[in-house]
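Summary of structural features
Okay, here's what each chain looks like letter by letter:
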Amino acid sequence: NSSRRELAAKIARLGLGSVFDGRCFSFEDVALPKPAPDIYLAAAAACGVLPGDCVVVEDSITGVRAGLAAGCRVLGFARDTPADALMRAGAEPFADMEALPALLGL
């Protein structure tokens, strides 16, 4: 739910501009913000894949709800939001980003 400006700054700071080229969406790019599924549906469409073939990594209950509403698999990053709260919302919680590749089957 970042603004375009905030999202662009985050992507630039992480050096991920070329990875997400043309496939970054802020709440300003969709009709409805999270918890509506619009942002994840737009991302799936931009990648040319079905939402059911996507994995959402979220750290908020609102984001988990949006990802699930879109029909995506949702992994819940339990840093600021407790793992049990993410799990109750429907996400598969994890606490360490180093676990992410294995969760994705990489």
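What you see is a predicted model, and the numbers here were worked out from it, not measured in a lab. (Residues numbered from 1 in each chain as written. Predicted model: local features only at pLDDT ≥ 70, side-chain atom pairs only at ≥ 80, totals over all residues. Heavy atoms only, no water.)

Reading across from one edge, S1-S2-S3 is the order of the three strands in this open sheet, with parallel pairing throughout. Only two strands of the sheet have a single partner each, and these edge strands are strand S1 (55-58) and strand S3 (92-94). Recorded for the sheet is a direction-independent mean angle of 25 degrees between the axes of neighbouring strands. With four bridges joining them, S1 and strand S2 (residues 73-77) adopt parallel strand pairing. Considered in S2, the bridge of Val56 is made with Val74. (Pairing = 2+ DSSP bridges. Helix = DSSP H or I, 4+ residues; strand = E, 2+ residues; numbered from the N terminus. Axes fitted to C-alpha atoms, helices over the stretch in contact; angles between N-to-C directions.)

This part covers the environment of Ala66. Within the element layout of this structure, Ala66 appears in helix H3 (residues 61-70). When its relative accessible area of 0% is taken as the criterion, Ala66 is described as buried. Separated by 23 residues in sequence, Ala66 and Ala89 place their C-alpha atoms 11 Å apart. (Buried < 20%, exposed > 50% of the residue type's maximum accessible area, 1.4 Å probe, protein only.)

Side chains Val56 and Glu58 project from S1 onto a buried face, and the interleaved Val55 and Val57 project onto a face without burial. After leaving S1, the chain enters H3 and then returns to the sheet as S2, a path that is right-handed. (Right-handed = clockwise from strand over helix to strand, strands pointing away.)

Counting residues in hydrophobic clusters, the biggest one holds 14 residues, and the most contacted among them are Tyr40, Val56, Val64, Cys72, Val74, Leu86 and Ala91. Of all elements in the fold, only helix H2 (38-47) and H3 reach the threshold of two or more residues within this core. (Core = buried A, V, L, I, M, F, W, Y, C linked by side-chain atoms within 4.5 Å.)

A word on the side chain of Ser2. Turning to its location among the elements, Ser2 is positioned in the segment before helix H1 (4-14). Using a relative accessible area of 13% as the deciding quantity, one classes Ser2 as buried. Here the side chain of Ser2 touches Lys10 through a polar contact of 3.0 Å, side chain to side chain. In contact with Ser2, other than residues within four places in its own chain, are Leu7, Lys10, Ser26 and Phe27. (Polar contact = N/O pair within 3.5 Å; in protein donor to acceptor, adjacent residues only side chain to side chain. Contact = heavy atoms within 4.5 Å.)

Scanning the entire structure with this criterion turns up zero disulfides. Unpaired in terms of disulfides, Cys54 finds its nearest cysteine sulfur in Cys72, a separation of 4.9 Å. According to the relative accessible area criterion, Cys54 is buried, its value standing at 17%. (Disulfide = S-S within 2.5 Å.)

Moving on, we get to H2. Regarding H2, the residues found buried are Ile39, Tyr40 and Ala44. The arc enclosing the buried residues of H2, seen along the axis, measures out at 135 degrees, which places them on a common side. Looking at the residues trailing H2, positive phi occurs at Gly48, about 70 degrees. (Arc of directions from axis to C-beta.)

A few words on the side chain of Glu58. Tracing the sequence through the fold places Glu58 in strand S1. A distance of 2.6 Å separates the side chain of Glu58 from the side chain of Lys34, its partner in a polar contact. Not counting chain neighbours up to four residues away, the residues in contact with Glu58 comprise Lys34, Tyr40, Gly63, Val64, Val74, Leu75, Gly76 and Phe77.

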